[in-house]
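Architecture and fold: a report
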Amino acid sequence: MSGARRFGPAALAIAAFALGGAALAAQRGPAAKSVSGGGITLSSTTLSLPEEKAAFPAGAAGELITNNCTACHSAEMILNQPLLGADKWKAEIDKMRGTYHAQIAPEDDAALVAALTGLQAARP
Amino acid sequence: MADGPTLIERRRALSLIAAGGAGLVTSPLWAQGLVDLHLPGGPSKRPMTTAFPGKGPMILQRSRAPLLETPMAAMDGHVFTPNDRFFVRWHYSDIPLEVDVHNFRLNILGAVKRPVALSLAELLTMPRFEIAAINQCSGNSRGLFEPRVPGAQWGNGAIGNAKWSGVRLKDVLDRAGVSANAVQVRFSGLDTPPPDAPLFAKSLDLAHAMDGEVMIAFQMNGAQLPMLNGFPLRLVVPGWYSTYWVKALDRIELLDTPDTGYWMEKAYRIPDTPRASVAPDAKGFPTVPINRMGPRSFITNLADGARVAANAPLKLRGLAMGGAAGVARVDLSTDGGQTWLAATTGPDQGKYGFRAWDAVVPALPPGDQKLAVRCTSDSGEAQGFEPIWNPGGFMRNSIETITVRAA
């Protein structure tokens, strides 16, 4: 479960469905759904996240950003950034790779920075 | 770590690219389901979403990991932010999607006399208290920084106030028995990092953790926490930024040396300077972990750009906070701070919560008019017009000014 959950909403929805109420209720019975004490009841809960809608523009640059950046976060994180410039985008890539171990090949850095700055340059 | 889901995910994302494209847009923002956060230099527009379970209309900042901002209008008229409009912020995409209240355990370990794993049923038998407290993201209003800085590009809505119910952290730590050599307490939750990335964990000094105000909350505003806000347990650290309010809290570790983890040592640090502000080109300044909040105030009944009647008194209302102290006073200015008019403050529901205010400003002449609101805290700290800048985009609490068009 914890591995599958990492890969985005499609996997998330499947995982949430697989772990959903029916199977658990069958195993443990209805009593497993809540605990109470001192006038407060807490009830077991599930969450199913919505599908992502934002995406990068079609083309090689958009594909490069999608493939390198969206394993950990959705596209809005990049689309909503202010104008950063090449140095700051490179620093972001270094942080994602250095701190969060994002699977970004160093040989892709130059093309990725160009794609990110190009994405911002094309904004209205 | 199979490749399959990644490839499926990529194909799905690529098909979205193919189907996407901005299209020609001529209808007004609200008709497109967009909101304009007025971020300098943009991009400033965000979609509104109702797609997240348990949440009403929210500003969609990021769908994965979720970042959902509360529209200022949703805070208008209440001191307590409704749970279904309360902002959402997760760091990692692997967030808890299912919690079984019978199986869940809160683990207290490390420098303790006897490690314990408390069930929710046990926690519900312990002495309780309630506290009104504002939960504000360290980076709330980051999108208003000039020059702009990278990160979540929030407007002013990564903030909310709730009445929290729970148990004292001190009482829970006493169940385990704090060892004499403990110096800090580290908190983490059910969210898990990508492979090899640092676990999201935050620490408080032991004296702070034991002060009797820090809470392990199981209710907000009289209901169990929404999953997106940290069900079943969340740390409440009154007066401090929400980075410490660990969600889905399941692990409390007593440390015998200060926490040197990434989230304390590298992230969420502020300049050790007045108002945490430095010049944008400053280098090499000392930093400290972000901590207490300062005073802030907002007009909630009018948005920037609103049209109002000229030559007639104008009713304003909103919310104010003192930060780590209560609200002493709230003042309004229509002349850029040359003169100030005292607002009337509503009932005090606890020094760590919002205080409602209202005021009637004298008739405005026709044209664009600037309305500024300033809070002064019980500790004598007043908001100022000077902008705050630091590279993390943290701690903004300068005076907020909106422009209305009087006609």
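What counts and what doesn't
Residue positions are given per chain, counted from 1 along the sequence in the order it is written. Numbering of ligands from 1 and lettering of chains from A proceed in the order in which they are written. In view of the model being predicted, local features appear only for residues whose pLDDT reaches at least 70, and side-chain atom pairs are presented and counted only at 80 or more, with totals across whole chains, interfaces and linings using the full set of residues. Only runs of H or I of at least four residues qualify as helices and only runs of E of at least two qualify as strands under DSSP, and these elements are numbered from the N terminus. To sort residues by burial, count the other C-beta atoms lying within 10 Å of each one's C-beta; a count of 20 or more means buried, 12 or fewer means exposed, and anything in between means partly exposed. C-beta atoms are built from the backbone. A pair of residues counts as a contact when their C-beta atoms, built from backbone coordinates, are separated by no more than 7 Å. Note that the radius of gyration is over C-alpha atoms, with the globule rule given as 2.2 Å times the number of residues to the power 0.38. Two strands make a pair as long as DSSP finds a minimum of two bridges between them. In this description, a line fitted to the C-alpha atoms serves as the axis of each element, helices being fitted only across the stretch in contact, and the angle between N-to-C directions of two axes falls anywhere from 0 to 180 degrees. Under this scheme an angle from 65 to 115 degrees is roughly perpendicular, one under 35 degrees roughly parallel, and one over 145 degrees roughly antiparallel; angles in between are oblique. For any helix crossing, the convention is left-handed if the near helix is rotated counterclockwise from the far helix by under a right angle, and right-handed if that rotation is clockwise. Residues were grouped as follows: Ala, Val, Leu, Ile, Met, Phe, Trp, Tyr, Cys and Pro as nonpolar; Asp, Glu, Lys and Arg as charged; and all remaining residues, including Gly, as polar. Residue ranges assigned to each domain were obtained from an automatic or database domain assignment.

A look at the overall build of chain A
A count of helices and strands for chain A gives 6 helices and 3 strands. Starting at the N terminus, the α and β elements of chain A follow one another as α-α-β-β-β-α-α-α-α. Residue burial in chain A is summarised as follows: out of 124 residues, 31% are buried. Restricting to contacts in chain A with at least 6 residues of sequence separation, those with at least 24 account for 49%.

Some details on the overall build of chain B
A tally of helices and strands in chain B yields 6 helices and 27 strands. What you see for chain B is a C-alpha radius of gyration of 22 Å, in line with the 22 Å of a compact globule of 407 residues. In terms of principal-axis extent, the alpha carbons of chain B reach across some 70 × 55 × 45 Å. Residue burial in chain B is summarised as follows: out of 407 residues, 48% are buried.

Observations regarding the sheet that holds strand 3 (residues 58-62) of chain B
Strand pairing in a sheet relies on backbone hydrogen bonds. The paired strands run either parallel or antiparallel. Residue and element names in this part refer to chain B. On the basis of which strands lie adjacent, the open sheet formed by 5 strands has the order 1-2-3-4-5 and antiparallel pairing. Two strands bound the open sheet, and with one partner strand each, they are strand 1 (34-36) and strand 5 (88-89). Bridge analysis of strand 1 against strand 2 (residues 45-49) gives 3 bridges, and the strand direction is antiparallel. Considered in strand 2, the bridge of aspartate 36 is made with lysine 45.

Regarding the sheet that holds strand 19 (residues 296-299) of chain B
Read from one edge of the open sheet, 4 strands run 19-21-25-24 (chain B), paired in antiparallel fashion. The sheet is open, and its two edges are formed by strand 19 and strand 24 (344-345) of chain B, each paired on a single side.

Comments concerning the packing of helix 3 (residues 60-69) of chain A against helix 6 (residues 109-121) of chain A
In a packed pair of helices, the relevant descriptors are the angle between the two axes and the axis-to-axis distance. All names here are of chain A. Their axes nearest at 9 Å, the elements helix 3 and helix 6 cross at an angle of 115 degrees. By the criterion of interaxial angle, the relationship of helix 3 to helix 6 is roughly perpendicular. Our pair here, helix 3 against helix 6, has a crossing hand that is left-handed. Between helix 3, through Ala61, Leu64, Ile65 and Asn68, and helix 6, the contact on the second element is made entirely by Ala111, Leu112, Ala115, Leu116, Gly118 and Leu119. Considering only residue class, the contact of helix 3 with helix 6 consists of 8 nonpolar, 2 polar and no charged.

Considering the domain arrangement of chain B
Reports of interface size often rely on the accessible area that becomes lost once the parts have come together. Residue and element names in this part refer to chain B. For chain B, the assigned domains are domain 1 (105-136 + 160-289) and domain 2 (296-406). Taking only C-alpha atoms into account, the centre of domain 1 sits 31 Å from that of domain 2. Contacts between the two partners involve 15 residues from domain 1, matched on the other side by 14 residues from domain 2. Every element with two or more residues in the side of domain 1 that touches domain 2 is listed here: strand 9 (128-136) and strand 17 (269-271). Considering every element that reaches the side of domain 1 that touches domain 2, the biggest residue donor is strand 9, with 4 residues. Each residue belonging to the side of domain 1 that touches domain 2 can be placed in one class, and the counts come to 10 nonpolar, 3 polar and 2 charged.

Overview of the packing of helix 5 (residues 85-98) of chain A against helix 6 of chain A
Residue and element names in this part refer to chain A. One way to put it is that helix 5 packs onto helix 6 with a least axis distance of 9 Å and a crossing angle of 125 degrees. In terms of orientation, helix 5 and helix 6 fall into the oblique class. Considering only the axes of helix 5 and helix 6, their crossing is right-handed. Packed against helix 5, whose contacting residues are Gly85, Ala86, Trp89, Lys90 and Ile93, the element helix 6 presents Asp109, Leu112, Val113, Leu116 and Thr117 at the interface. Grouping the constituent residues of the contact of helix 5 with helix 6 by class yields 6 nonpolar, 2 polar and 2 charged.

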